[in-house]
Amino acid sequence: MLLIEQHAAADAVATEQLLLPFDSRCKSRLRARLASGEECGLFLERGGVLRGGDKLLGKDGRVVEVIAAPELLMQAASEDPLQLARAAYHLGNRHVAVQVLAGHLRFARDHVLGEMLHGLGLPVSEVEAPFEPESGAYGAHGGHSHSADGEGESAKTRPRIHDHFQRGQPR
């Protein structure tokens, strides 16, 4: 079994692929199979989310590319940005993971949520597609940390919310 305990450089050349649905890409401990059929075990830092295209480094030096698996999802569509914003607000208010795309929103299949959005005037359909929901204000890899003085994080690694507020004060 291939053990994977860390991320590889984004520009690393992958020799293996790991096809995973979104719920599996949220787990830091996972037993899965590579596209080749070989079994692998992920032991990654907690709190992260794997995205399609991420590269992982196996204990034996192999690079594995994460592929977002197609999933059965619901999609609400509208050409009216205000209507989509209202729908996104109501889904977010229920802590639903949402993928925002031009003209539509995607979320995990839930007929109650589908009916809610239909009630807001949006057509809702079922689709099969890779699911890459928004990561939220704190970036694509989950949690964040601070040094003792609140400084020391590079602009690339600090949470996006810090681009708007620093030490509790608006910039």
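These notes cover the structure that comes with them.

Reading the values: the criteria
Residues numbered from 1 in each chain as written. Predicted model: local features only at pLDDT ≥ 70, side-chain atom pairs only at ≥ 80, totals over all residues. Heavy atoms only, no water. Salt bridge = Lys/Arg side-chain N within 4 Å of Asp/Glu carboxyl O. Helix = DSSP H or I, 4+ residues; strand = E, 2+ residues; numbered from the N terminus. Pairing = 2+ DSSP bridges. Axes fitted to C-alpha atoms, helices over the stretch in contact; angles between N-to-C directions. Contact = heavy atoms within 4.5 Å. Phe/Tyr/Trp six-rings, centres within 6.5 Å; stacked < 30°, edge-to-face > 60°. Buried < 20%, exposed > 50% of the residue type's maximum accessible area, 1.4 Å probe, protein only.

### Focus on the pattern of salt bridges
Here is step 1: Under the defined criterion, the tally for this structure stands at eight salt bridges.
Here is step 2: A salt bridge links Glu38 to Arg62; its shortest N-O distance comes to 2.8 Å. Residue Glu38 is located in the loop between strand S3 (29-33) and strand S4 (39-43), and its partner Arg62 is located in the loop between strand S5 (55-58) and strand S6 (63-68); the two are separated by 24 residues in the primary sequence.
Here is step 3: Linking Arg62 and Asp60 is a salt bridge whose minimum nitrogen-to-oxygen distance equals 2.7 Å.
Here is step 4: Where salt bridges share partners, they join Glu16, Glu38, Asp60 and Arg62 into one cluster.

### Focus on the sheet that holds strand S7 (residues 70-77)
Working definition: the strands of a sheet are paired by backbone hydrogen bonds and lie parallel or antiparallel to each other.
Here is step 1: Spatially, four strands are ordered S8-S9-S7-S10 in an open sheet, and the strand pairing comes out antiparallel. A strand with exactly one partner marks an edge of an open sheet, and here the two such strands are strand S8 (98-101) and strand S10 (124-130). Each neighbouring strand pair of the sheet contributes to a mean axis angle of 35°, computed without reference to strand direction.
Here is step 2: Pairing between S7 and S10: seven bridges, direction antiparallel. By the bridge assignment, Ala76 is partnered in S10 with Val124.
Here is step 3: Helix H2 (residues 81-93) rests against S7, S8 and strand S9 (104-108) of the sheet, and its axis sits at about 20° to S9.
Here is step 4: Sitting on the sheet, helix H3 (residues 111-119) touches S7, S9 and S10, and the angle it makes with S10 is about 125°.

### Considerations on the packing of aromatic side chains
Here is step 1: Considering all chains together, one arrives at one aromatic pair under this definition.
Here is step 2: Centre to centre, the rings of Phe22 and Phe131 are 5.4 Å apart; their planes meet at 75°, and the pair counts as edge-to-face. Note that Phe22 is positioned in helix H1 (residues 22-25) and Phe131 in the loop between S10 and strand S11 (165-166), a separation of 109 residues in sequence. The pair formed by Phe22 and Phe131 is uniform in burial state, with each residue classed as buried.

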